[in-house]
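# Architecture and fold: a report
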Amino acid sequence: MKITIEVDCTPEEARSFMGLPDVSAANNVYVENIAKAMQGVSNPDQLQQYAQALAPMGQVGLKMFQSFVESGMKAASGSSGRSGDGPKGAD
């Protein structure tokens, strides 16, 4: 037997219900720092060095940041970034 329950709530409501702390202020500071770092960057190597210094999750955080930067570069160049080949790393 399979039972499915769907809960319709905001991320804030879910966080409160589960007793998790509100980290939105810390996230806003992190996003602002990344945005400031991206302004005036002339090459991707500078971004990578900055991301390594700030990445709170080490290598995983760096990979996520690289993916973010690559998608932004594709969008800026006019590419849709949708190749239709599905998600990477699906097992």
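## Comments concerning a nonpolar patch on the surface
- On the surface, Met1, Ile3, Ile5 and Val7 cluster together to form a nonpolar patch covering roughly 600 Å² of accessible area.
- Tracing the backbone through its elements, the reader meets Val7 in the segment before helix 1 (11-18).
- A residue is classified by how much of its surface remains accessible, and Val7, at 63% relative accessible area, is exposed.

## As for the pattern of salt bridges
- A complete count under the given rule lists 2 salt bridges for this structure.
- Across the pair Glu12 and Arg15 runs a salt bridge whose closest N-O atoms are separated by 3.9 Å. With Glu12 and Arg15 both in helix 1, this residue pair falls 3 residues apart, about one helical turn.
- Judged by its relative accessible area of 49%, Glu12 is partly exposed.
- For Arg15, a relative accessible area of 22% puts it in the partly exposed group.
- Asp22 is the salt-bridge partner of Arg15, the closest N and O atoms lying 3.8 Å from each other.
- Several salt bridges converge on common partners, so that one network encompasses Glu12, Arg15 and Asp22.

Procedures and definitions
Residues numbered from 1 in each chain as written. Predicted model: local features only at pLDDT ≥ 70, side-chain atom pairs only at ≥ 80, totals over all residues. Heavy atoms only, no water. Patch = residues over 30% accessible without salt bridge, like charges linked within 9 Å, V, L, I, M, F, W, Y side chains within 5 Å. Areas by Shrake-Rupley, 256 points an atom, 1.4 Å probe, with all protein chains shown as cover. Salt bridge = Lys/Arg side-chain N within 4 Å of Asp/Glu carboxyl O. Helix = DSSP H or I, 4+ residues; strand = E, 2+ residues; numbered from the N terminus. Buried < 20%, exposed > 50% of the residue type's maximum accessible area, 1.4 Å probe, protein only.

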